[in-house]
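# Descriptive analysis of the structure
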Amino acid sequence: MDVEDALSVKSKQAQALMKHYNEVYLIFFKPHKQEGYLMEAVNSKNIIAIEQSKSSIKKFVEEGLEKLRQLKGYQNDPSLINACRDALNFFKDEARQIQAYTDFYIKEENFNKLKKILKANQKNNNSILTSIIMA
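Scope of this entry: the structure provided in the associated data block.

## What to know about the overall build of the protein
From N to C terminus, the protein includes four helices and zero strands. Written out in order from the N terminus, the α and β elements of the protein read α-α-α-α. Counting only C-alpha atoms and orienting by the principal axes, one finds that the protein spans roughly 110 × 25 × 15 Å. Put simply, of all contacts in the protein between residues at least 6 apart along the chain, 75% involve residues at least 24 apart. Summed over its atoms, the accessible surface of the protein is roughly 10100 Å², and 58% of this surface lies on carbon and sulfur atoms.

Right, here's the structure in full:
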């Protein structure tokens, strides 16, 4: 009987721990997944997707931080909650700092448009000069 009772106690502790872990992980998961989408958008220079991901990260982080405030640590150990809070704050800072990429991509896009226009104008000017010289 004692072995079964000890096993039962350990099983209940493991269930309680996993329940706590899953609650915290679900809070972490949404902004973490969205951060992956943000990195894909940055790598593909997709400004619209970057802005959408940034907005979603900010929303999920704020929701997650509020949920974390309501949670208590497993057996009064807040380490998992603190680690999740640190990760959420990292995502929040990352979303804020990604604005530099967006600004750069917009400027790069505008530069490339101007470059294309200048090349087109240069070809037209060369053809006009050639026709004047040949005449």
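Structure's up, so let's keep going.
## What about the environment of K59?
If you trace the backbone, K59 turns up in helix α2 (residues 47-70). On the basis of relative accessible area, K59 is assigned to the partly exposed category, the value being 48%. As a C-alpha pair, K59 and L26 span 33 residues in sequence and 15 Å in three-dimensional space.

## Digging into the nonpolar core
One finds I50 and L88 to be the most contacted residues of the largest nonpolar core, which totals 20 residues. Elements represented by at least two residues in this core include exactly α1 (2-43), α2 and α3 (79-97).

## Describing the side chain of S53
Structurally, the position occupied by S53 is in helix α2. The contact partners of S53, leaving out residues within four places of it in the chain, are Q34, Y37 and L38.

## Side note on the packing of α2 against α3
α3 packs onto α2 with a crossing angle of 155° between their chain directions and a minimal axis gap of 9 Å. As far as their axial angle goes, α3 and α2 are roughly antiparallel. By crossing handedness, the relation of α2 to α3 is classed as left-handed. Counting all contacts with α2, which are made through K54, I57, V61, E62, G64, L65 and L68, the residues of α3 involved are I81, C84, R85, L88, N89, F91, K92 and A95. For the contact of α2 with α3, the residue count by class is nine nonpolar, two polar and four charged.

Definitions and cut-offs
Residue numbers run consecutively from 1 along every chain, following the written order of its sequence. The predicted origin of the model limits local features to residues at a pLDDT of at least 70 and limits the giving and counting of side-chain atom pairs to 80 or more, whereas totals for whole chains, interfaces and linings rest on all residues. Note that water and hydrogens are dropped before the side-chain values are worked out from all heavy atoms of the structure. In this text, helices come from DSSP runs of H or I with a minimum length of four residues, and strands from runs of E with a minimum of two, each type numbered from the N-terminal end. Contacts: residue pairs with any heavy atoms within 4.5 Å of one another. Residue exposure ignores everything except the shown protein chains as possible cover, and the areas themselves are Shrake-Rupley values with a 1.4 Å probe. A simple rule labels every residue: compare its accessible area, found with a 1.4 Å probe on the protein chains alone, to the largest value its type can have, and call it buried under 20%, exposed over 50%, or partly exposed in between. The set of buried Ala, Val, Leu, Ile, Met, Phe, Trp, Tyr and Cys residues whose side-chain atoms join them within 4.5 Å is what this entry labels a nonpolar core. Axis definition: a line fitted to C-alpha atoms, over the contacting stretch in the case of helices. Angles run 0 to 180 degrees between N-to-C directions. Roughly parallel covers angles under 35 degrees, roughly antiparallel covers those over 145, roughly perpendicular covers 65 to 115, and oblique covers all other angles. The handedness criterion is simple: a crossing whose near helix is rotated anticlockwise from the far helix by less than a right angle is left-handed, and one whose near helix is rotated clockwise is right-handed. Note that Gly is not counted as nonpolar here; it falls among the polar residues with everything else outside the nonpolar set of Ala, Val, Leu, Ile, Met, Phe, Trp, Tyr, Cys and Pro and the charged set of Asp, Glu, Lys and Arg.

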